[in-house]
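Each chain, letter by letter, is given below.
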Amino acid sequence: MTPFASRTFSVSSVFILLAIWRGRIHARGVWPGALYLITTGLLVAALTLQSHLGGMMSFGGGKEPSPSQDAMPASPSIDSCHRIPC
């Protein structure tokens, strides 16, 4: 398992612990406290960042690949046709 995959698994698996924590809060019949809300916010931010980094790795950050030397040469422009007698 790559380091990226293990971090993704770790961050996403913490949501199970968060669900258990929330279930215990709900069973007591009280509203979630500030610590729970801050932890949830940080976990969502970490998962969002991890997803963004995974997308950058998968799709290359939206940059077009550089043209290779084997690419077809550009077609002549219209102006070059006017200079050559047809």
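Reading the values: rules and limits
Residues numbered from 1 in each chain as written. Predicted model: local features only at pLDDT ≥ 70, side-chain atom pairs only at ≥ 80, totals over all residues. Heavy atoms only, no water. Helix = DSSP H or I, 4+ residues; strand = E, 2+ residues; numbered from the N terminus. Buried < 20%, exposed > 50% of the residue type's maximum accessible area, 1.4 Å probe, protein only. Areas by Shrake-Rupley, 256 points an atom, 1.4 Å probe, with all protein chains shown as cover. Core = buried A, V, L, I, M, F, W, Y, C linked by side-chain atoms within 4.5 Å. Phe/Tyr/Trp six-rings, centres within 6.5 Å; stacked < 30°, edge-to-face > 60°. pLDDT = per-residue confidence, 0-100.

**Looking at the overall build of the protein chain**
Argument step 1. Secondary structure assignment for the protein chain yields 3 helices and 0 strands.
Argument step 2. In the protein chain, the succession of α and β elements from N to C terminus is α-α-α.
Argument step 3. Evaluated residue by residue, the protein chain yields a buried proportion of 9% over its 86 residues.
Argument step 4. Carbon and sulfur atoms make up 69% of the accessible area of the protein chain, which amounts to about 7500 Å² in all.

**Some remarks on the nonpolar core**
Argument step 1. Counting residues in each nonpolar core, the largest one holds 5 residues, listed as Val11, Leu18, Ile25, Tyr36 and Leu43.
Argument step 2. Counting residues per element, the ones that place at least two in this core are helix H1 (3-28) and helix H2 (34-59).
Argument step 3. Here the element with the most residues in this core is H1; it accounts for 3 residues.

**Structural notes on the packing of aromatic side chains**
Argument step 1. In total, this model carries 1 aromatic pair according to the counting rule given.
Argument step 2. Aromatic side chains Trp21 and Tyr36 sit 5.2 Å apart centroid to centroid with 85° between the ring planes, which places their arrangement in the edge-to-face category. Linking Trp21 in helix H1 with Tyr36 in helix H2, this pair joins segments that are 15 residues apart in sequence.
Argument step 3. The exposure class of Trp21 is partly exposed, given its relative accessible area of 30%.

**Regarding the confidence of the model for the protein chain**
Argument step 1. In this model, the protein chain carries an average pLDDT of 77, and 60% of its residues clear a pLDDT of 70 or more.
Argument step 2. Looking at the elements of the protein chain, mean pLDDT is at its lowest for helix H3 (residues 78-83), recorded as 56, and at its highest for H2, recorded as 88.

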